[in-house]
There are 2 protein chains.
Amino acid sequence: MNGKKLNIGLFGFGTVGRGLYDVLQRIGNKNVEIKRICVRDITKQRSVQADFTDKADDIFNDPGINFIVELIDDADAAYTIVKRALQSGLPVVSGNKKMLAYHIEELIGLQAKHNVALLYDASACGSIPVIRNLEEYYDNDLLTSVKGILNGSSNFILSKIFNEKMSYADALKLAQDLGFAESNPTLDIDGWDSLFKLIIITVHAFGLYVAPEEIFTYGISNMNDDDIRFANEKERRFKLVAHVEKIAGNRLIMCVMPQLISRNKYIYSVEDEFNGVVIKGLFYDKQFMFGRGAGGYPTGSAVLSDITACLYDYRYEYKKRNDSQLPEFTNDHLFRVYYRYTDNEDLALVPFESISEKYSSESYKYVVGRVSLGALHNIQEELRRRNVFIAAYPND
Amino acid sequence: MNGKKLNIGLFGFGTVGRGLYDVLQRIGNKNVEIKRICVRDITKQRSVQADFTDKADDIFNDPGINFIVELIDDADAAYTIVKRALQSGLPVVSGNKKMLAYHIEELIGLQAKHNVALLYDASACGSIPVIRNLEEYYDNDLLTSVKGILNGSSNFILSKIFNEKMSYADALKLAQDLGFAESNPTLDIDGWDSLFKLIIITVHAFGLYVAPEEIFTYGISNMNDDDIRFANEKERRFKLVAHVEKIAGNRLIMCVMPQLISRNKYIYSVEDEFNGVVIKGLFYDKQFMFGRGAGGYPTGSAVLSDITACLYDYRYEYKKRNDSQLPEFTNDHLFRVYYRYTDNEDLALVPFESISEKYSSESYKYVVGRVSLGALHNIQEELRRRNVFIAAYPND
């Protein structure tokens, strides 16, 4: 521990920032202190006695601050803060997955150049130490896939719908009231939050960075009662699954989409705001990690784990990025999907390779068939805009 | 990575040693090579072409060997090897939980004194990185309990009994044939293997070492058909659970015993040779880690993860052992238990604080009541010897 003391300049005092503050108050680690907190709105009434400011300079110019924690919503502002910290030689813990998903390559370079820690385990899966495990434990050659429920609020909504027959709108409202949902709910519901986490996870799992716009991403906001009935009839549940998998030829597929999950799968039982990740490997078969992926205290305590890791000079080593045989990203892979559509134009939109099931009534039409990820990626905006719904329907 | 190359002297070529060998052959890590293998019986026919010896000196005196991997059954011999390696300044990976459970304090001292790595993640829970997570991620102040199924073969047997109505003897035989059971099955069945792992886990989770003889340990070998029927009637299953928990007053209880687990618990669904660990904390509620805890390949690949961690100079830091407020071990804690007995003398053996349920027929008698861990610990040999069976029966 070398008698180090971290004097933190904290950016952001939302759910997670406040969670970190409370956790620290409660456990009283004498080597970690929040010295000053930079917030957007300095006039807002707050229930804690702390040194607030609305100027980043007040933190960066304070020679007593030797550590930055960034927990704000705004990805652009977060990028500026993290970059400035690294360039100033200040270690940073960040919780902003969107910012990381876009800038992680540059930031990895900066932390190496300035020889300073950048940690962000709390950014993916809240309290589950997924990143650190992928980084430290799973040998690249052995890993074949990572599949998981990475977004607590969409999973909360799906749980309420499937277990308690709640309406979509009520479930969303409840998730927001309980602090699980991001301030912009489409981030959760349309899969973007899961996508950002998947990108970060993939960097640590397979060494490869893939930009958000390359990856098919589709959420649950189009799901309707017919879809839910279909799932129930098949004794499955829709889960919003983020998925990265090594396929033949050292290639990697990635996607975020609803999947019809059967009862015998571990992620079937991941309920409410919990997250669950299944890691598969050549030799150890599957591993499952499960925990709270959202909420102020769980995420706050994950941020604290990142902070205390810095007391011990922990850094991600990005071992797998140095691999000479990095896999190649591809969308050239077929998925079996369930597709609910309204009219023939909708059906023509999806270039199925084959169709194995077709149902049609006046009010409800669907097909089950195989289609490539690339094709889905090309039409993902249309799939969101139209009155249709698509979900992976694994053959198991 | 510093261009390091590990030339391994391997002790033991049983299930795990062979698993490690095969995994390494398959993935071909050019920085890790098994240079020589020390086995007990050099005359035994083996299907691999490797440099075998039966003399430890052939390994320790080989200046080309810079790394020791110890994967033998015999705890005393393992102790000698690991100690000699550390004293020679050679990093060691060990898989021998029994040896660690007895000697971990001395070995922690030796690895510090000689400034050399001693890793043993594979020793507890095979492929699940429990130790490293407890060590690296979970802040001591936040952790409240670790509870898990740590022994694959007893769990395999329980699964076969509860799911496939297999007899105890057939299930044990099958576990041994499949390579899950230790060569001495009482280690698995009577809870000792779980106990050794629990002790190692507790060192990393709470910083405290407690000797095996201090801890109530009781297995499943006395379980009979009446007990199984009782569990089924209550819609529960017996699971052999290792349990460490912080209770009021900064005290720590530890035990290994069968527990009647209800359907809504995560460990209820841990089947076959899988292991599952539930980690509970003040702020993040619960986390669950699940994976293969036994078998040559899963454990072999876990050993490989320990080995490659050494390529990156990883060492356990034993952070929590330096805590000024180490918890104190106690057996002064009441458990609700189910106790099946034969005669009044058996009933008098257990000093119940209270009894809430009593059943008696000619062929089957049981009580449900509360008894202290300390009292159980005092009579654990008797509980094994007599025709009785006891299991925790949590009130949930």
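Residues numbered from 1 in each chain as written. Chains lettered and ligands numbered in written order. Predicted model: local features only at pLDDT ≥ 70, side-chain atom pairs only at ≥ 80, totals over all residues. Heavy atoms only, no water.

Enquirer: So what exactly am I meant to see when it comes to the relation of the copies chain B and chain A here?
Expert: Superposition of the two copies of the chain requires a rotation about an axis and a shift along the axis. After a rotation of 180° and a shift along the axis of 0.0 Å, chain B superposes on chain A with an RMSD of 0.0 Å. This pairing of chains is accounted for by a two-fold axis. Scanning chain B for the C-alpha nearest the rotation axis identifies M289 of chain B, at a separation of 2.3 Å. Interface overlap between copies: 100% of the residues of chain B at the interface are likewise at the interface in chain A, consistent with a symmetric, same-surface contact. (Least-squares fit on C-alpha atoms with pLDDT ≥ 70 in both. Contact = heavy atoms within 4.5 Å.)

Enquirer: Which parts of the structure should I look at to understand the interface of chain B and chain A?
Expert: One widely used convention gives an interface's size as the accessible area the parts lose upon coming together. Contact with chain B, which involves 41 residues of that partner, is made by 41 residues of chain A. Here chain B packs against chain A, burying approximately 3800 Å² in sum over the two surfaces, 57% of which is carbon and sulfur. Across the contact surface, chain B and chain A share two salt bridges. In this structure, the salt-bridge partner of D285 of chain A is R292 of chain B, at a minimum N-O distance of 2.6 Å. On inspection of chain B and its partner chain A, the count reaches seven residue pairs in polar contact (both at pLDDT 80 or more). Where the side of chain B that touches chain A is concerned, the elements lending two or more residues are α1 (15-27), α5 (130-136), β12 (285-292) and α11 (296-311) of chain B. Take the side of chain B that touches chain A: its biggest share by element is eight residues, from β12 of chain B. Looking at side-chain class alone, the side of chain B that touches chain A contains 21 nonpolar, nine polar and 11 charged residues. (Buried area = accessible area lost by both parts, 1.4 Å probe. Salt bridge = Lys/Arg side-chain N within 4 Å of Asp/Glu carboxyl O. Polar contact = N/O pair within 3.5 Å; in protein donor to acceptor, adjacent residues only side chain to side chain. Helix = DSSP H or I, 4+ residues; strand = E, 2+ residues; numbered from the N terminus. Nonpolar A, V, L, I, M, F, W, Y, C, P; charged D, E, K, R; others polar.)

Enquirer: Explain the pattern of salt bridges to me, please; I cannot follow it from the model alone.
Expert: Between side chains of opposite charge, a pair can form when the charged atoms approach closely. All names here are of chain B. The tally for this structure, following the rule as stated, stands at 52 salt bridges over all chains. With a closest N to O distance of 3.2 Å, R384 and E381 form a salt bridge. Of this pair, R384 and E381 both sit in helix α14 (residues 380-385), three residues apart, roughly one helical turn.

Enquirer: Could you clarify how one ought to interpret the environment of D343 of chain B in this entry?
Expert: Its place among the elements puts D343 of chain B in the loop between β14 (334-341) and α12 (344-349). Remark: the alpha-carbon pair of D343 of chain B and G291 of chain B, spanning 52 residues in sequence, is separated by 41 Å.

Enquirer: Sorry, what's going on with the packing of aromatic side chains here?
Expert: Summed over the entire model, instances satisfying the criterion amount to 55 aromatic pairs over all chains. An aromatic cluster of three or more residues is present, and its members are F162, F216, Y218, F230, F238, Y338, Y359, Y364, Y366, F389 and Y393 of chain A. In this structure, R46 of chain B packs its charged tip against the face of F52 of chain B, placed 5.1 Å from the ring centre. Above the face of the Y314 of chain B ring, R132 of chain B is positioned so that its terminal group lies 5.1 Å from the ring centre. (Phe/Tyr/Trp six-rings, centres within 6.5 Å; stacked < 30°, edge-to-face > 60°. Lys NZ or Arg CZ within 6 Å of the ring centre and 35° of its normal.)

Enquirer: Which parts of the structure should I look at to understand helix α10 (residues 225-233) of chain B?
Expert: Since one α-helical turn is 3.6 residues long, residues separated by three or four positions face the same way. Residues and elements named next belong to chain B. Looking only at α10, the buried set comprises D226, D227, I228, F230 and A231. Buried positions along α10 lie against α6 (152-164), β9 (236-247), β10 (251-262), β14, β16 (365-372) and β17 (389-392). Phi turns positive, to about 55°, at E235, one or two residues after α10. (Buried < 20%, exposed > 50% of the residue type's maximum accessible area, 1.4 Å probe, protein only.)

Enquirer: Explain the pairing of strand β12 (residues 285-292) of chain A here, please?
Expert: Counting buried residues in β12 of chain A gives six out of eight residues, a clear majority hidden from the surface. Bridging between strand β11 (residues 274-281) of chain A and β12 of chain A involves eight bridges; their strand directions are antiparallel. Considered in β12 of chain A, the bridge of V277 of chain A is made with M289 of chain A. Turn length for the β11 of chain A-β12 of chain A hairpin, with the two strands adjacent in sequence and antiparallel, is three residues. Note that β12 of chain A and β12 of chain B share three bridges and pair antiparallel. Across the sheet, residue F288 of chain A finds its bridge partner in β12 of chain B, namely F290 of chain B. (Pairing = 2+ DSSP bridges.)

Enquirer: Just checking my understanding: could you explain the packing of helix α6 (residues 152-164) of chain A against helix α7 (residues 168-177) of chain A for this structure?
Expert: Pairs of packed helices are described in terms of their axes, by the angle between the two and the distance that separates them. Residue and element names in this part refer to chain A. As a packed pair, α6 and α7 sit with axes 9 Å apart at the nearest point and diverge in direction by 135°. Classed by the angle they form, the pair α6 and α7 counts as oblique. Of the two elements, α6 crosses α7, and the hand of that crossing is right-handed. Within the contact between the two elements, α6 uses S153, F156, I157, K160 and I161 and α7 uses Y168, A171, L172, L174 and A175. Counted by class, the contact of α6 with α7 contains eight nonpolar, one polar and one charged residues. (Axes fitted to C-alpha atoms, helices over the stretch in contact; angles between N-to-C directions. Parallel < 35°, antiparallel > 145°, perpendicular 65-115°, else oblique. Left-handed = near helix turned anticlockwise from the far one by under 90°.)

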